[in-house]
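Fold and contact review
This is what each chain is made of:
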Amino acid sequence: MSVPDLPTREDILIAVQHGPEAVIALVDRLVNQIRELQGRPQDQTQANAQSRRKPFHEKPIRAGSVP
Amino acid sequence: MPTLTIQRVETVNQYGENVVLFDPHNDALSLKMFVLASDDLLITGSEEENESVSAGFQAVFQIIDALTNDVILNEVWESGFLWGRSFWISMGNNWGPTQNDYTTPERWGLATNKRGSGIFGFRGIIRQLQELEATFVVTSDAFGISDIRWFGLDTFPFDSPAVGTF
């Protein structure tokens, strides 16, 4: 039995900053890890939802002087 | 008196054009604001005065849904004044290097199936901050809020089921 890859406090804070989709993805991952530990298949609804979700897209910042 | 103003905001596509119509899945959407800070703001708390204090600002990029008038996205960024008193800041990739790198409206979370939506507004907010021993403090009343720049998506699901009550 493998030990789940638990999110750190920083992971959670980052997910919160990135919005509801990121938080849901984090929770879904945890739930599926628990299901794996319990020997149960992944929740198909969650798996489908995860496949529909695109990974969180970073929104890079740029800046510069105005002459 | 310290002042911090947003002179204008732009919605910029992958060609560097300030436009108001976007393909939600293929166009890049970069939110850009042009800021002017008074000289005294940049001097306040400079390293010459106190090494533990640095002058800076907090910028907020907001997107408003015209259907509900709700702020549906609120991205915050904090920085020092690194580009002089007149500078621009932008959020969102519109340079690639590939199309897959673009921050599209869909990636901003603007793909919607609500009838009557598809029009959004970008509003910028900026306020003065100082970093004092790892804590941000506001030491002046300098802040600015831009006008709302409205923009639209060129495709959205006309025939999708209505969401909510009309």
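Cut-offs used in this document
- Every residue gets a number counted from 1 within its own chain, in the order that chain's sequence is written.
- Note on labels: chains are lettered from A, ligands numbered from 1, in written order.
- This being a predicted model, a pLDDT of at least 70 is required before a residue's local features are given, and a value of 80 or more before pairs of side-chain atoms are given or counted; all residues contribute to the totals for chains, interfaces and linings.
- Only DSSP runs of H or I reaching four residues or more are called helices, and only runs of E reaching two or more are called strands; each is numbered from the N terminus.
- Here a residue counts as buried when 20 or more other C-beta atoms fall within 10 Å of its C-beta, as exposed when 12 or fewer do, and as partly exposed in between; the C-beta atoms come from the backbone.
- Once C-beta atoms are placed from the backbone, any two residues with those atoms within 7 Å are in contact.
- When DSSP finds two or more bridges between two strands, those strands count as paired.
- Fitting a line to C-alpha atoms yields each axis, with helices limited to the stretch in contact; the angle taken between N-to-C directions then spans 0 to 180 degrees.
- Residues are grouped as follows: Ala, Val, Leu, Ile, Met, Phe, Trp, Tyr, Cys and Pro are nonpolar; Asp, Glu, Lys and Arg are charged; all remaining types, including Gly, are polar.
- Confidence of the predictor at the level of single residues is given by pLDDT, which spans 0 to 100.
- The nonpolar core criterion groups buried Ala, Val, Leu, Ile, Met, Phe, Trp, Tyr and Cys residues into a set whenever they are joined through C-beta atoms within 7 Å.

Bringing the overall build of chain B into the picture now. Along the backbone of chain B there are one helix and 10 strands. Element order for chain B, N to C, with α for helix and β for strand: β-β-β-α-β-β-β-β-β-β-β. With 166 residues in all, chain B has 32% of them scored as buried. Of all intrachain contacts in chain B linking residues separated by at least 6 positions in sequence, the fraction that spans at least 24 positions is 72%.

Moving on, we come to the sheet that holds strand β1 (residues 61–65) of chain A. Strand order across the open sheet formed by four strands is β1(A)-β6(B)-β3(B)-β1(B), with antiparallel pairing between neighbours. In this open sheet, the two strands that pair with only one neighbour each are β1 of chain A together with β1 (4–12) of chain B. Ignoring which end each strand starts from, the neighbouring axes of this sheet average 20° apart. In terms of strand pairing, β1 of chain A meets strand β6 (residues 86–91) of chain B through five bridges, oriented antiparallel. Across the sheet, S65 of chain A pairs through a bridge with F87 of chain B, a residue of β6 of chain B.

At the junction of the two partners, chain B supplies 15 residues and chain A supplies nine residues. Looking at the side of chain B that touches chain A, the elements with two or more residues in it are β5 (71–80) and β6 of chain B. By residue number, the principal contributor to the side of chain B that touches chain A is β6 of chain B, which donates six residues. Split by residue class, the side of chain B that touches chain A holds seven nonpolar, six polar and two charged.

Let us now look at helix α1 (residues 9–18) of chain A. Where burial is concerned, little of α1 of chain A is hidden: zero out of the 10 residues are buried. Phi turns positive, to about 105°, at G19 of chain A, one or two residues after α1 of chain A.

Attention now goes to the confidence of the model for chain A. Residue and element names in this part refer to chain A. Looking at chain A as a whole, its pLDDT mean stands at 68, while 66% of the residues score no less than 70. Confidence, read as mean pLDDT per element, is least for helix α3 (residues 44–52) in chain A (45) and greatest for β1 (93). Considering only residues more than four positions removed or in separate chains, one finds that residues 46–55, a stretch of pLDDT under 50, has eight contacts.

All names here are of chain B. In this structure, L4, M33, V35, F57, A59 and I126 are the most contacted members of the largest nonpolar core, which totals 29 residues. Taken together, the elements giving at least two residues each to this core come down to β1, β3 (30–37), β4 (53–65), β6, β7 (119–132) and β10 (149–153). By residue number, the principal contributor to this core is β4, which donates five residues. What V35 contacts, discounting residues up to four positions off in sequence, is L4, I6, F87, W88, I89 and I126.

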